[in-house]
Amino acid sequence: MATKHEQILRYIDGLPVGEKISVRQIAKAMNVSEGTAYRAIKEAENKGYVSTIERVGTIRIERKKKENIEKLTFAEVVNIVDGQVLGGRTGLHKTLKQFVIGAMKLEAMMRYTDADSLLIVGNRIQAHELALKAGAAVLITGGFDTEEHVKKLADELEMPIISSSYDTFTTATMINRAIYDQLIKKEIILVEDILTPLTETYYLKTTDKVSTWHELNEQTTHSRYPVVDQNLKIQGMVTSKDILGQERDTSIDKIMTKHPMTVTGKTSVASAAHTMVWEGIEVLPVSDDSSRLEGIISRQDVLKALQMNQRQPQVGETLDDIITNQMELLTEKAKGDDVFTLEVTPQMTNHLGTISYGVFTTIVSDAANRVLRSYKKGDLVVENMTIYFIKPVQMESRLEIYPKILEVGRKFGKVDVEVFNGGILVGKAMMMCQLIDRQ
(Lines give C-alpha, C1' and ligand atoms only; values in the text may rest on other atoms or scores of the structure.)
Protein backbone atom coordinates (compact mmCIF):
# COMPACT_ATOMS: atom_id res chain seq x y z
CA MET A 1 0.00 0.00 0.00
CA ALA A 2 1.28 3.49 -0.91
CA THR A 3 2.32 5.86 1.90
CA LYS A 4 0.53 9.20 2.41
CA HIS A 5 3.58 10.95 0.89
CA GLU A 6 3.32 8.82 -2.28
CA GLN A 7 -0.45 9.34 -2.47
CA ILE A 8 0.04 13.14 -2.35
CA LEU A 9 2.72 12.95 -5.07
CA ARG A 10 0.34 10.98 -7.31
CA TYR A 11 -2.41 13.51 -6.61
CA ILE A 12 -0.13 16.44 -7.57
CA ASP A 13 1.05 14.58 -10.71
CA GLY A 14 -2.59 14.12 -11.69
CA LEU A 15 -3.43 17.84 -11.44
CA PRO A 16 -3.82 19.70 -14.75
CA VAL A 17 -0.70 21.46 -16.03
CA GLY A 18 -0.79 25.17 -15.15
CA GLU A 19 -2.88 24.72 -11.97
CA LYS A 20 -1.82 26.70 -8.93
CA ILE A 21 -0.95 24.62 -5.86
CA SER A 22 -0.80 25.61 -2.19
CA VAL A 23 0.20 23.76 0.96
CA ARG A 24 -3.19 24.49 2.54
CA GLN A 25 -5.10 23.27 -0.55
CA ILE A 26 -3.15 19.98 -0.71
CA ALA A 27 -3.44 19.43 3.05
CA LYS A 28 -7.23 19.90 2.83
CA ALA A 29 -7.71 17.79 -0.32
CA MET A 30 -5.63 14.87 1.01
CA ASN A 31 -6.61 15.24 4.70
CA VAL A 32 -2.98 15.53 5.89
CA SER A 33 -0.98 18.02 7.96
CA GLU A 34 0.48 21.10 6.25
CA GLY A 35 3.99 19.82 7.03
CA THR A 36 3.30 16.57 5.12
CA ALA A 37 1.80 18.55 2.21
CA TYR A 38 4.82 20.91 2.14
CA ARG A 39 7.30 17.99 1.99
CA ALA A 40 5.39 16.40 -0.89
CA ILE A 41 5.29 19.69 -2.85
CA LYS A 42 9.08 20.09 -2.39
CA GLU A 43 9.61 16.51 -3.62
CA ALA A 44 7.40 17.21 -6.68
CA GLU A 45 9.52 20.32 -7.34
CA ASN A 46 12.71 18.19 -7.20
CA LYS A 47 11.14 15.70 -9.62
CA GLY A 48 10.48 18.57 -12.05
CA TYR A 49 6.69 18.73 -12.37
CA VAL A 50 6.07 21.63 -10.00
CA SER A 51 7.71 25.09 -10.00
CA THR A 52 7.65 27.82 -7.36
CA ILE A 53 7.86 31.45 -8.46
CA GLU A 54 8.20 34.44 -6.18
CA ARG A 55 5.13 36.70 -6.12
CA VAL A 56 3.20 34.11 -8.18
CA GLY A 57 3.21 30.92 -6.11
CA THR A 58 3.60 27.23 -6.91
CA ILE A 59 2.25 25.84 -10.16
CA ARG A 60 2.05 22.43 -11.81
CA ILE A 61 4.34 22.38 -14.87
CA GLU A 62 4.92 19.83 -17.62
CA ARG A 63 7.16 16.95 -16.56
CA LYS A 64 10.24 17.27 -18.74
CA LYS A 65 11.49 14.44 -20.84
CA LYS A 66 15.22 13.76 -20.58
CA GLU A 67 15.85 14.77 -24.19
CA ASN A 68 14.17 18.15 -23.64
CA ILE A 69 16.11 19.10 -20.55
CA GLU A 70 17.74 22.03 -22.34
CA LYS A 71 14.33 23.66 -22.82
CA LEU A 72 13.15 25.99 -20.07
CA THR A 73 9.59 26.73 -18.99
CA PHE A 74 8.52 30.37 -18.72
CA ALA A 75 8.17 29.74 -14.96
CA GLU A 76 11.90 28.94 -14.80
CA VAL A 77 12.70 32.07 -16.83
CA VAL A 78 10.87 34.18 -14.20
CA ASN A 79 13.13 32.70 -11.50
CA ILE A 80 16.32 33.08 -13.56
CA VAL A 81 15.82 36.80 -14.27
CA ASP A 82 14.18 37.67 -10.90
CA GLY A 83 11.15 38.68 -12.91
CA GLN A 84 7.67 39.89 -12.09
CA VAL A 85 4.69 38.38 -13.94
CA LEU A 86 2.52 41.19 -15.37
CA GLY A 87 0.01 38.95 -17.15
CA GLY A 88 -0.66 35.52 -18.69
CA ARG A 89 0.14 33.57 -15.51
CA THR A 90 -1.81 30.56 -16.74
CA GLY A 91 0.82 30.06 -19.48
CA LEU A 92 3.84 29.91 -17.14
CA HIS A 93 3.99 26.11 -17.40
CA LYS A 94 4.66 26.29 -21.18
CA THR A 95 8.10 25.58 -22.61
CA LEU A 96 9.99 28.19 -24.60
CA LYS A 97 11.32 27.10 -27.98
CA GLN A 98 13.82 29.92 -28.48
CA PHE A 99 14.43 33.49 -27.37
CA VAL A 100 14.63 36.53 -29.64
CA ILE A 101 16.39 39.78 -28.70
CA GLY A 102 14.26 42.68 -29.86
CA ALA A 103 17.00 45.16 -30.76
CA MET A 104 15.82 45.77 -34.33
CA LYS A 105 13.00 47.36 -36.30
CA LEU A 106 9.51 46.11 -35.50
CA GLU A 107 8.91 44.28 -38.83
CA ALA A 108 12.29 42.51 -38.65
CA MET A 109 11.65 41.56 -35.00
CA MET A 110 8.31 39.95 -35.83
CA ARG A 111 9.87 37.85 -38.62
CA TYR A 112 11.87 36.00 -35.97
CA THR A 113 9.13 35.85 -33.32
CA ASP A 114 7.30 32.51 -33.63
CA ALA A 115 4.81 30.72 -31.40
CA ASP A 116 6.29 29.57 -28.06
CA SER A 117 9.34 31.81 -28.40
CA LEU A 118 10.30 34.53 -25.90
CA LEU A 119 10.79 38.11 -27.10
CA ILE A 120 13.28 40.01 -24.92
CA VAL A 121 12.57 43.68 -25.49
CA GLY A 122 12.51 47.06 -23.71
CA ASN A 123 9.69 49.57 -23.36
CA ARG A 124 8.06 48.99 -26.80
CA ILE A 125 4.31 48.51 -26.26
CA GLN A 126 3.55 47.67 -29.90
CA ALA A 127 6.20 44.95 -29.91
CA HIS A 128 4.69 43.46 -26.72
CA GLU A 129 1.25 43.31 -28.38
CA LEU A 130 2.41 41.88 -31.71
CA ALA A 131 4.56 39.21 -30.02
CA LEU A 132 1.61 38.00 -27.90
CA LYS A 133 -0.59 37.84 -31.02
CA ALA A 134 2.12 35.75 -32.71
CA GLY A 135 1.87 33.24 -29.82
CA ALA A 136 5.10 34.32 -28.10
CA ALA A 137 5.78 35.32 -24.51
CA VAL A 138 7.38 38.69 -23.69
CA LEU A 139 10.19 39.61 -21.31
CA ILE A 140 10.34 43.37 -20.75
CA THR A 141 13.80 44.51 -19.64
CA GLY A 142 14.89 47.59 -17.68
CA GLY A 143 12.10 47.19 -15.11
CA PHE A 144 9.46 48.73 -17.43
CA ASP A 145 5.74 48.06 -17.20
CA THR A 146 3.30 47.68 -20.10
CA GLU A 147 -0.26 48.93 -20.78
CA GLU A 148 -3.36 47.36 -19.23
CA HIS A 149 -4.81 46.18 -22.57
CA VAL A 150 -1.55 44.25 -23.24
CA LYS A 151 -1.80 42.53 -19.84
CA LYS A 152 -5.42 41.58 -20.59
CA LEU A 153 -4.34 40.21 -23.98
CA ALA A 154 -1.66 38.11 -22.25
CA ASP A 155 -4.33 36.68 -19.88
CA GLU A 156 -6.67 35.89 -22.79
CA LEU A 157 -3.97 34.22 -24.88
CA GLU A 158 -2.42 32.47 -21.82
CA MET A 159 1.08 33.64 -22.75
CA PRO A 160 3.18 35.22 -19.98
CA ILE A 161 4.41 38.80 -20.02
CA ILE A 162 7.30 39.23 -17.59
CA SER A 163 9.19 42.31 -16.38
CA SER A 164 12.82 42.20 -15.20
CA SER A 165 14.96 45.02 -13.82
CA TYR A 166 18.02 43.70 -15.72
CA ASP A 167 18.97 45.07 -19.14
CA THR A 168 18.49 43.12 -22.39
CA PHE A 169 22.08 41.85 -22.61
CA THR A 170 22.12 40.62 -18.99
CA THR A 171 18.76 38.80 -19.22
CA ALA A 172 19.79 37.09 -22.49
CA THR A 173 23.10 36.04 -20.90
CA MET A 174 21.34 34.68 -17.81
CA ILE A 175 18.89 32.60 -19.85
CA ASN A 176 21.67 31.36 -22.12
CA ARG A 177 23.76 30.36 -19.09
CA ALA A 178 20.81 28.41 -17.62
CA ILE A 179 20.31 26.51 -20.89
CA TYR A 180 24.07 25.84 -21.09
CA ASP A 181 24.16 24.53 -17.48
CA GLN A 182 21.30 22.16 -18.26
CA LEU A 183 23.10 20.89 -21.36
CA ILE A 184 25.99 19.87 -19.09
CA LYS A 185 23.54 18.13 -16.76
CA LYS A 186 22.14 16.30 -19.78
CA GLU A 187 25.52 14.65 -20.33
CA ILE A 188 25.58 13.17 -16.83
CA ILE A 189 23.90 9.79 -17.23
CA LEU A 190 21.87 8.77 -14.20
CA VAL A 191 20.86 5.29 -13.06
CA GLU A 192 17.20 6.12 -13.93
CA ASP A 193 18.26 6.49 -17.60
CA ILE A 194 19.58 2.92 -17.88
CA LEU A 195 17.83 0.80 -15.25
CA THR A 196 15.75 -2.28 -16.03
CA PRO A 197 12.33 -1.11 -14.75
CA LEU A 198 10.37 -2.98 -12.08
CA THR A 199 7.93 -4.38 -14.68
CA GLU A 200 10.85 -6.18 -16.40
CA THR A 201 12.78 -7.07 -13.20
CA TYR A 202 12.73 -10.59 -11.78
CA TYR A 203 12.74 -10.59 -8.00
CA LEU A 204 11.93 -12.92 -5.10
CA LYS A 205 9.84 -12.38 -2.00
CA THR A 206 11.06 -13.11 1.54
CA THR A 207 8.35 -15.82 1.78
CA ASP A 208 9.53 -17.64 -1.38
CA LYS A 209 11.42 -20.93 -1.19
CA VAL A 210 14.75 -21.94 -2.76
CA SER A 211 12.71 -23.92 -5.34
CA THR A 212 11.38 -20.55 -6.68
CA TRP A 213 14.99 -19.40 -7.26
CA HIS A 214 15.62 -22.59 -9.31
CA GLU A 215 12.48 -21.93 -11.39
CA LEU A 216 13.53 -18.34 -12.10
CA ASN A 217 17.09 -19.46 -12.86
CA GLU A 218 15.82 -21.93 -15.50
CA GLN A 219 13.47 -19.33 -16.97
CA THR A 220 15.92 -16.41 -17.13
CA THR A 221 19.44 -17.99 -16.83
CA HIS A 222 20.21 -15.20 -14.31
CA SER A 223 21.48 -16.15 -10.87
CA ARG A 224 21.14 -12.89 -8.89
CA TYR A 225 17.82 -11.52 -7.69
CA PRO A 226 16.71 -8.80 -5.25
CA VAL A 227 14.48 -9.99 -2.39
CA VAL A 228 11.52 -7.83 -1.28
CA ASP A 229 8.80 -7.95 1.39
CA GLN A 230 5.04 -7.68 0.72
CA ASN A 231 5.38 -3.86 0.34
CA LEU A 232 8.15 -4.25 -2.30
CA LYS A 233 10.75 -2.92 0.17
CA ILE A 234 14.23 -4.30 -0.53
CA GLN A 235 15.27 -6.81 2.15
CA GLY A 236 18.21 -8.59 0.54
CA MET A 237 19.95 -10.11 -2.48
CA VAL A 238 20.21 -13.79 -3.29
CA THR A 239 22.83 -15.34 -5.61
CA SER A 240 23.85 -18.86 -6.67
CA LYS A 241 26.45 -18.86 -3.85
CA ASP A 242 23.67 -18.49 -1.26
CA ILE A 243 21.64 -21.29 -2.89
CA LEU A 244 24.51 -23.79 -3.03
CA GLY A 245 23.77 -26.90 -0.91
CA GLN A 246 20.40 -25.56 0.33
CA GLU A 247 17.22 -27.64 0.52
CA ARG A 248 14.56 -26.65 -2.03
CA ASP A 249 11.98 -25.89 0.67
CA THR A 250 14.29 -23.53 2.63
CA SER A 251 12.86 -20.00 2.92
CA ILE A 252 14.75 -17.36 0.89
CA ASP A 253 14.92 -14.93 3.86
CA LYS A 254 17.00 -17.50 5.79
CA ILE A 255 19.82 -17.58 3.19
CA MET A 256 19.75 -14.16 1.47
CA THR A 257 22.38 -11.47 2.03
CA LYS A 258 20.59 -8.88 4.17
CA HIS A 259 20.93 -5.06 3.86
CA PRO A 260 22.35 -5.13 0.30
CA MET A 261 23.98 -2.09 -1.30
CA THR A 262 21.46 -0.13 -3.36
CA VAL A 263 21.42 2.99 -5.55
CA THR A 264 18.65 5.44 -6.37
CA GLY A 265 17.51 6.62 -9.79
CA LYS A 266 19.33 9.93 -9.25
CA THR A 267 22.72 8.26 -8.60
CA SER A 268 25.16 8.97 -11.44
CA VAL A 269 26.21 5.95 -13.50
CA ALA A 270 29.87 6.83 -12.79
CA SER A 271 29.21 6.58 -9.04
CA ALA A 272 27.33 3.27 -9.49
CA ALA A 273 30.27 1.94 -11.56
CA HIS A 274 32.67 2.81 -8.75
CA THR A 275 30.48 0.97 -6.19
CA MET A 276 30.17 -2.10 -8.41
CA VAL A 277 33.91 -2.32 -9.12
CA TRP A 278 34.96 -1.55 -5.56
CA GLU A 279 32.56 -4.07 -4.01
CA GLY A 280 32.77 -6.66 -6.82
CA ILE A 281 29.00 -6.47 -7.43
CA GLU A 282 27.40 -7.68 -10.68
CA VAL A 283 23.83 -6.45 -10.06
CA LEU A 284 22.60 -3.50 -7.94
CA PRO A 285 18.96 -3.01 -6.89
CA VAL A 286 17.57 0.49 -7.52
CA SER A 287 15.36 1.85 -4.75
CA ASP A 288 13.09 4.85 -4.29
CA ASP A 289 13.12 7.14 -1.22
CA SER A 290 11.03 4.60 0.73
CA SER A 291 13.49 1.72 -0.03
CA ARG A 292 11.00 0.18 -2.49
CA LEU A 293 12.39 -1.69 -5.48
CA GLU A 294 12.28 0.38 -8.72
CA GLY A 295 14.42 -1.92 -10.87
CA ILE A 296 18.00 -3.17 -11.21
CA ILE A 297 21.21 -2.25 -13.04
CA SER A 298 23.88 -4.74 -14.12
CA ARG A 299 27.58 -4.22 -14.66
CA GLN A 300 26.99 -4.62 -18.43
CA ASP A 301 24.36 -1.81 -18.38
CA VAL A 302 26.83 0.48 -16.62
CA LEU A 303 29.73 -0.25 -19.00
CA LYS A 304 27.52 0.23 -22.06
CA ALA A 305 26.29 3.59 -20.71
CA LEU A 306 29.83 4.83 -19.94
CA GLN A 307 31.01 3.87 -23.44
CA MET A 308 27.96 5.50 -25.07
CA ASN A 309 28.62 8.70 -23.11
CA GLN A 310 32.20 8.86 -24.43
CA ARG A 311 30.82 8.80 -27.99
CA GLN A 312 28.32 11.63 -27.40
CA PRO A 313 29.12 15.02 -28.96
CA GLN A 314 30.12 17.56 -26.32
CA VAL A 315 27.27 20.05 -25.91
CA GLY A 316 28.46 21.79 -22.78
CA GLU A 317 31.95 22.09 -21.35
CA THR A 318 32.63 21.50 -17.67
CA LEU A 319 35.68 23.05 -15.94
CA ASP A 320 37.43 19.68 -16.25
CA ASP A 321 36.78 19.69 -20.03
CA ILE A 322 38.29 23.19 -20.35
CA ILE A 323 41.48 22.05 -18.55
CA THR A 324 41.91 18.64 -20.19
CA ASN A 325 41.11 19.92 -23.69
CA GLN A 326 44.23 22.13 -23.43
CA MET A 327 46.51 19.22 -22.53
CA GLU A 328 48.57 18.16 -25.54
CA LEU A 329 50.77 15.13 -26.14
CA LEU A 330 54.29 16.58 -26.26
CA THR A 331 56.28 13.44 -27.11
CA GLU A 332 55.16 9.90 -27.62
CA LYS A 333 57.68 7.60 -26.00
CA ALA A 334 57.53 3.91 -25.13
CA LYS A 335 54.14 2.36 -24.32
CA GLY A 336 52.72 3.92 -21.16
CA ASP A 337 55.46 6.58 -21.02
CA ASP A 338 54.05 9.63 -22.85
CA VAL A 339 54.77 13.27 -21.95
CA PHE A 340 52.03 15.95 -21.96
CA THR A 341 52.17 19.76 -21.94
CA LEU A 342 49.74 22.43 -20.81
CA GLU A 343 49.79 26.22 -20.39
CA VAL A 344 48.39 27.62 -17.12
CA THR A 345 45.67 30.09 -18.17
CA PRO A 346 44.18 32.78 -15.85
CA GLN A 347 41.05 30.60 -15.30
CA MET A 348 43.26 27.87 -13.80
CA THR A 349 44.65 30.05 -11.01
CA ASN A 350 43.53 30.84 -7.47
CA HIS A 351 43.21 34.31 -5.85
CA LEU A 352 47.02 34.49 -5.53
CA GLY A 353 47.52 34.04 -9.29
CA THR A 354 49.11 30.58 -8.92
CA ILE A 355 47.73 27.22 -10.15
CA SER A 356 44.79 26.06 -8.06
CA TYR A 357 44.88 22.77 -6.19
CA GLY A 358 41.74 21.52 -7.98
CA VAL A 359 43.23 22.22 -11.41
CA PHE A 360 46.46 20.40 -10.46
CA THR A 361 44.38 17.39 -9.35
CA THR A 362 42.54 17.35 -12.70
CA ILE A 363 45.81 17.58 -14.66
CA VAL A 364 47.51 14.66 -12.90
CA SER A 365 44.41 12.44 -12.92
CA ASP A 366 43.81 13.08 -16.65
CA ALA A 367 47.47 12.32 -17.48
CA ALA A 368 47.25 9.05 -15.51
CA ASN A 369 43.97 8.18 -17.25
CA ARG A 370 45.42 8.78 -20.71
CA VAL A 371 48.56 6.76 -20.11
CA LEU A 372 46.62 3.82 -18.64
CA ARG A 373 44.16 3.90 -21.55
CA SER A 374 47.01 3.71 -24.06
CA TYR A 375 48.25 0.66 -22.20
CA LYS A 376 44.95 -1.14 -21.60
CA LYS A 377 41.68 -0.53 -23.43
CA GLY A 378 38.78 -0.25 -21.02
CA ASP A 379 37.14 2.04 -18.51
CA LEU A 380 38.78 3.43 -15.38
CA VAL A 381 37.52 4.27 -11.92
CA VAL A 382 39.87 6.32 -9.72
CA GLU A 383 40.31 4.56 -6.39
CA ASN A 384 42.63 7.02 -4.64
CA MET A 385 45.17 9.71 -5.34
CA THR A 386 47.97 11.13 -3.17
CA ILE A 387 49.59 14.47 -4.00
CA TYR A 388 53.04 14.53 -2.36
CA PHE A 389 53.75 18.19 -2.86
CA ILE A 390 52.82 21.12 -5.07
CA LYS A 391 54.83 24.31 -5.56
CA PRO A 392 53.28 27.63 -6.64
CA VAL A 393 53.07 27.88 -10.44
CA GLN A 394 52.40 31.29 -12.03
CA MET A 395 49.83 31.84 -14.78
CA GLU A 396 51.10 31.54 -18.37
CA SER A 397 53.71 28.98 -17.22
CA ARG A 398 54.09 25.96 -19.50
CA LEU A 399 53.94 22.68 -17.62
CA GLU A 400 55.34 19.32 -18.70
CA ILE A 401 53.54 16.32 -17.25
CA TYR A 402 55.31 12.95 -17.01
CA PRO A 403 52.98 10.08 -16.05
CA LYS A 404 54.80 6.79 -15.38
CA ILE A 405 53.10 3.41 -14.94
CA LEU A 406 54.56 1.70 -11.89
CA GLU A 407 52.34 -1.35 -11.96
CA VAL A 408 49.46 -2.57 -14.08
CA GLY A 409 47.42 -5.72 -13.63
CA ARG A 410 44.17 -7.11 -14.98
CA LYS A 411 42.09 -5.21 -12.41
CA PHE A 412 44.15 -2.19 -11.31
CA GLY A 413 46.85 0.28 -12.31
CA LYS A 414 49.32 2.37 -10.30
CA VAL A 415 50.69 5.56 -11.86
CA ASP A 416 53.26 8.09 -10.65
CA VAL A 417 52.90 11.59 -12.16
CA GLU A 418 55.62 14.27 -12.06
CA VAL A 419 54.95 17.85 -13.19
CA PHE A 420 57.78 20.18 -14.27
CA ASN A 421 57.91 23.91 -15.01
CA GLY A 422 61.04 25.07 -16.86
CA GLY A 423 62.88 21.90 -15.85
CA ILE A 424 62.02 22.31 -12.13
CA LEU A 425 59.80 19.74 -10.39
CA VAL A 426 56.67 21.57 -9.16
CA GLY A 427 54.33 18.71 -8.30
CA LYS A 428 54.22 14.98 -7.74
CA ALA A 429 51.27 12.61 -7.35
CA MET A 430 50.50 8.90 -7.11
CA MET A 431 47.26 7.43 -8.38
CA MET A 432 45.55 4.04 -8.07
CA CYS A 433 42.85 3.10 -10.59
CA GLN A 434 40.47 0.19 -10.88
CA LEU A 435 40.31 -1.11 -14.46
CA ILE A 436 37.05 -2.44 -15.88
CA ASP A 437 37.25 -4.73 -18.92
CA ARG A 438 34.82 -3.97 -21.74
CA GLN A 439 32.61 -6.98 -22.22
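Up top is the structure these notes are about.
Computed from a predicted structure; not experimentally measured.

Novice: Sorry, what's going on with the packing of helix α1 (residues 4-14) against helix α3 (residues 34-47) here?
Specialist: Between α1 and α3, whose axes approach to 9 Å, the crossing angle comes to 55 degrees. In this view, α1 runs oblique relative to α3, as classed from their interaxial angle. Of the two possible hands of crossing, α1 and α3 adopt the one that is right-handed. Each of His5, Ile8, Leu9 and Ile12 in α1 lies in contact with α3, whose residues at this interface are Thr36, Arg39, Ala40, Ile41, Glu43, Ala44 and Lys47. Here the residues of the contact of α1 with α3 sort into six nonpolar, two polar and three charged.

Novice: So what exactly am I meant to see when it comes to the pairing of strand β11 (residues 225-228) here?
Specialist: In the case of a regular strand, side chains alternate between the two sheet surfaces. Across the two faces of β11 the burial is the same, with Tyr225 and Val227 and Pro226 and Val228 all buried. Summarising the sheet, strand β10 (residues 204-205) and β11 pair through two bridges and their orientation is parallel. Directly across from Leu204, in β11, lies its bridge partner Val227. Across four bridges, β11 lies against strand β12 (residues 234-238) in antiparallel orientation. Bridge pairing links Pro226 to Met237 in β12. A loop of five residues connects β11 with β12, the two strands running antiparallel in sequence, and Leu232 in this loop sits at a positive phi of about 70 degrees.

Novice: What am I meant to see in the packing of helix α2 (residues 23-30) against α3 here?
Specialist: Angle between the axes and distance between the axes are the two parameters that describe a pair of packed helices. Orientation of α2 relative to α3, taken along the N-to-C sense of each, is 115 degrees, at an axis distance of 8 Å. Compared by their axis directions, α2 and α3 come out roughly perpendicular. Relative to α3, α2 is oriented so that their crossing is right-handed. Judged by residue contacts, Val23, Arg24, Ile26 and Ala27 of α2 engage Glu34, Ala37, Tyr38 and Ile41 from α3. Broken down by class, the residue content of the contact of α2 with α3 amounts to six nonpolar, no polar and two charged.

Novice: Help me out: how do you make sense of the environment of Gly57 in this one?
Specialist: Following the sequence through the fold, Gly57 ends up in strand β3 (residues 57-60). For the pair formed by Gly57 and Ser22, sequence separation is 35 residues and the distance between their alpha carbons is 7.7 Å. Residues contacting Gly57, with those up to four places away along its chain left out, are Lys20, Ser51 and Thr52.

The rules behind the values
- Residues numbered from 1 in each chain as written.
- Predicted model: local features only at pLDDT ≥ 70, side-chain atom pairs only at ≥ 80, totals over all residues.
- Heavy atoms only, no water.
- Axes fitted to C-alpha atoms, helices over the stretch in contact; angles between N-to-C directions.
- Helix = DSSP H or I, 4+ residues; strand = E, 2+ residues; numbered from the N terminus.
- Parallel < 35°, antiparallel > 145°, perpendicular 65-115°, else oblique.
- Left-handed = near helix turned anticlockwise from the far one by under 90°.
- Contact = heavy atoms within 4.5 Å.
- Nonpolar A, V, L, I, M, F, W, Y, C, P; charged D, E, K, R; others polar.
- Buried < 20%, exposed > 50% of the residue type's maximum accessible area, 1.4 Å probe, protein only.
- Pairing = 2+ DSSP bridges.

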